[in-house]
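# A closer look at the structure
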Amino acid sequence: MPVEKPRTTPKEIICHYLVFIVIYNSTIKRILYEKKRGGFKLYFSKSEFETALKGTDNRIRHIKNELAKIGTAKLICRTRGNRTYFSERTEGHEHGISKNKSRIHALVKREYLDYQLRALNHNRELLRRCLKSYNDIDPEQIILKMCAKHHFIPIEDILLYNKSDWGKQPYEKNPFYPENLKYVTTNNLPVRSKSERDIANALEELSIEFRYDALIDCVDVSHYADFLIRRPNGTLLIWEHFGREHDREYMAKNRERIKDYISIGYRPWNNLVWTLESDLLVPGTIRKIIRRFILSEMDRNEGNFL
């Protein structure tokens, strides 16, 4: 039997759903301009695309489950005069459902889900291709490499944020063996050894900005530097402390670490220093290193004192 034409027809509902799909598909294009922390985020990490891919997979599974509940029938709409008739077609067979509003709505939903599933499958394929060749853009690591290569240039000349905020900016810390962070500095920074605590306390006392256990990307490997220090003239310095100097394997690994730092532009006893446990047995060693390599007015290009 015919029913009065509803205010919003299933076709109009589908049109609204299609508009939604267009908006969904444009999300990837607009993702580069996502507003974040008062500014616009101009890059995304690989992990965020991996998260997007995982979310897309989950959504596809959910839609397939919904489609399985509805079945494979298609909604057929026919208009005669000012009345609309509905039927569903399954494997060549068709029967009327004009009185069955819930079934009509279910089949409209099915058509919408079909459209969305195609869009999601398309986006999933794009994400998979992207992840195969995507390179992470980490401005912080780019800046660190530039400061290593052009070690005489103050970091504030290339920072993307205010120079006074460097020490407050989040950075990637060493996530391994947090149980070894047993010692605490005067400013409540947990560190891994008494000697590192002494170094950190000296830096804190002199109000020298630094990052502890900060990630440094080298050519083929990454390291977590004991101390990444911003000197008063704006340049950066790495200070590594090697506590187990009698452990041959440990020291061999750290010699390779020093070579890795050098490979990206850090210069020993200029913007790269290291100490052994025996060095710190000599009173005043930490202060001497700070005065000479951090606080001294130095021509960082030539490596000579002025």
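The preceding data block contains the structure.
In this report, the structure presented in the accompanying data block is examined. (Residues numbered from 1 in each chain as written. Predicted model: local features only at pLDDT ≥ 70, side-chain atom pairs only at ≥ 80, totals over all residues. Heavy atoms only, no water.)

### Some details on helix H6 (residues 194–205)
The terminal C-alpha atoms of H6 lie 16 Å apart, and with twelve residues this matches the ideal 16 Å at 1.5 Å per residue to within 8%. Residues of H6 that are buried in the fold lie against strand E8 (190–191), strand E9 (209–217), strand E10 (222–230), strand E11 (236–242), strand E12 (272–276) and helix H8 (285–295). Just downstream of H6 lies Ser-207, where phi reads positive at about 55°. (Helix = DSSP H or I, 4+ residues; strand = E, 2+ residues; numbered from the N terminus. Expected span 1.5 Å × (residues − 1). Contact = heavy atoms within 4.5 Å.)

### Details of the side chain of His-223
Secondary-structure assignment places His-223 in strand E10. Exposure remark for His-223: the relative accessible area of 12% places this residue in the buried category. Of note is the side chain of His-223, whose polar atom sits 2.7 Å from the side chain of Asp-260. Leave out the neighbours within four places in its chain, and His-223 touches Ala-214, Leu-215, Ile-216, Cys-218, Arg-257, Asp-260 and Tyr-261. (Buried < 20%, exposed > 50% of the residue type's maximum accessible area, 1.4 Å probe, protein only. Polar contact = N/O pair within 3.5 Å; in protein donor to acceptor, adjacent residues only side chain to side chain.)

### With respect to the sheet that holds E10
The mixed open sheet is built from four strands, whose spatial order is E9-E10-E11-E12. The open sheet terminates on both sides in strands that have one partner only, identified here as E9 and E12. Between one strand axis and the next, the sheet turns by 35° as a mean value, whatever way the strands run. Bridge count for E9 against E10 is eight bridges, and the pairing is antiparallel. Counted as the bridge partner of Tyr-212 is Phe-227 from E10. Where helix H7 (residues 248–263) meets the sheet, its contacts fall on E9, E10, E11 and E12, and the angle it forms with E11 comes to roughly 170°. Against the sheet, H8 makes contact with E10, E11 and E12, and its axis sits at roughly 155° relative to E11, the strand it touches most. (Pairing = 2+ DSSP bridges. Axes fitted to C-alpha atoms, helices over the stretch in contact; angles between N-to-C directions.)

### Brief notes about the packing of H6 against H8
Put simply, H6 and H8 touch, their axes get as near as 10 Å, and they point 55° apart. With respect to H8, the axis of H6 lies oblique. Here the hand of the crossing between H6 and H8 comes out right-handed. On H8, the residues that touch Asp-198, Ile-199, Ala-202, Leu-203 and Glu-205 of H6 are Ile-286, Arg-287, Ile-290 and Ile-294. In terms of residue class, the contact of H6 with H8 is made up of six nonpolar, no polar and three charged. (Parallel < 35°, antiparallel > 145°, perpendicular 65-115°, else oblique. Left-handed = near helix turned anticlockwise from the far one by under 90°. Nonpolar A, V, L, I, M, F, W, Y, C, P; charged D, E, K, R; others polar.)

Everything listed is a geometric property; what it means functionally is a separate question.
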